[in-house]
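Inside the fold
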Amino acid sequence: MKDLREEKRMRSIKGARAIVADSGTGFDCIIRDISGSGARIVFDDLVTLGSRFQLHIKTENKTMRVSTSWQKGRQAGVHFDEKLPWIERHVAA
């Protein structure tokens, strides 16, 4: 099966929080893979994300707007509204 990703992803275990804009509700999650343009996140329970929300990466103390690319069970793929140069440097290394 061909990998359709545009960028290489770096394996990760970063604590994060998905914040749903409409309700302000937050869900803790783990970032399992990350690149400068997106990530795969995993939740402890099933959650409803909607098409857009904010993702706060706890260890980096950074919050960014994201779009949901896909969601299956407790996992979701997200696309960052703006590229993350600080992640791109780690992936390129």
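Everything numeric here is computed off the predicted structure, so don't read it as measured data. (Residues numbered from 1 in each chain as written. Predicted model: local features only at pLDDT ≥ 70, side-chain atom pairs only at ≥ 80, totals over all residues. Heavy atoms only, no water.)

**Structural notes on the confidence of the model for the chain**
- Of all residues in the chain, 80% attain a pLDDT of 70 or more, and the chain-wide mean is 83.
- Taken as a whole, residues 1-5 scores under 50 in pLDDT and shows 0 contacts with residues more than four places along the chain or in a different chain. (pLDDT = per-residue confidence, 0-100. Contact = heavy atoms within 4.5 Å.)

**A few points about the pairing of strand S3 (residues 38-43)**
- Along S3, 6 of the 6 residues are buried, which leaves the element largely enclosed by surrounding structure.
- Alternating residues of S3 divide into Gly38, Arg40 and Val42 and Ala39, Ile41 and Phe43, and every residue in both groups is buried.
- Both strand S2 (residues 26-34) and S3 contribute to a ladder of 5 bridges, which runs antiparallel. In the strand pairing of S3, isoleucine 31 is matched with isoleucine 41.
- As consecutive antiparallel partners, S2 and S3 are separated by 3 residues. (Buried < 20%, exposed > 50% of the residue type's maximum accessible area, 1.4 Å probe, protein only. Helix = DSSP H or I, 4+ residues; strand = E, 2+ residues; numbered from the N terminus. Pairing = 2+ DSSP bridges.)

**So, the nonpolar core**
- Ile31, Ile41, Phe53, Leu55, Val78 and Phe80 are the most contacted members of the largest nonpolar core, which totals 19 residues.
- Elements with a minimum of two residues in this core: strand S1 (10-19), S2, S3, strand S4 (52-57), strand S5 (62-72) and strand S6 (75-80).
- Those residues in contact with isoleucine 31 that sit more than four places away from it in its chain are Ser12, Ile13, Lys14, Ala16, Ala39, Arg40, Ile41, Leu55 and Ile57. (Core = buried A, V, L, I, M, F, W, Y, C linked by side-chain atoms within 4.5 Å.)

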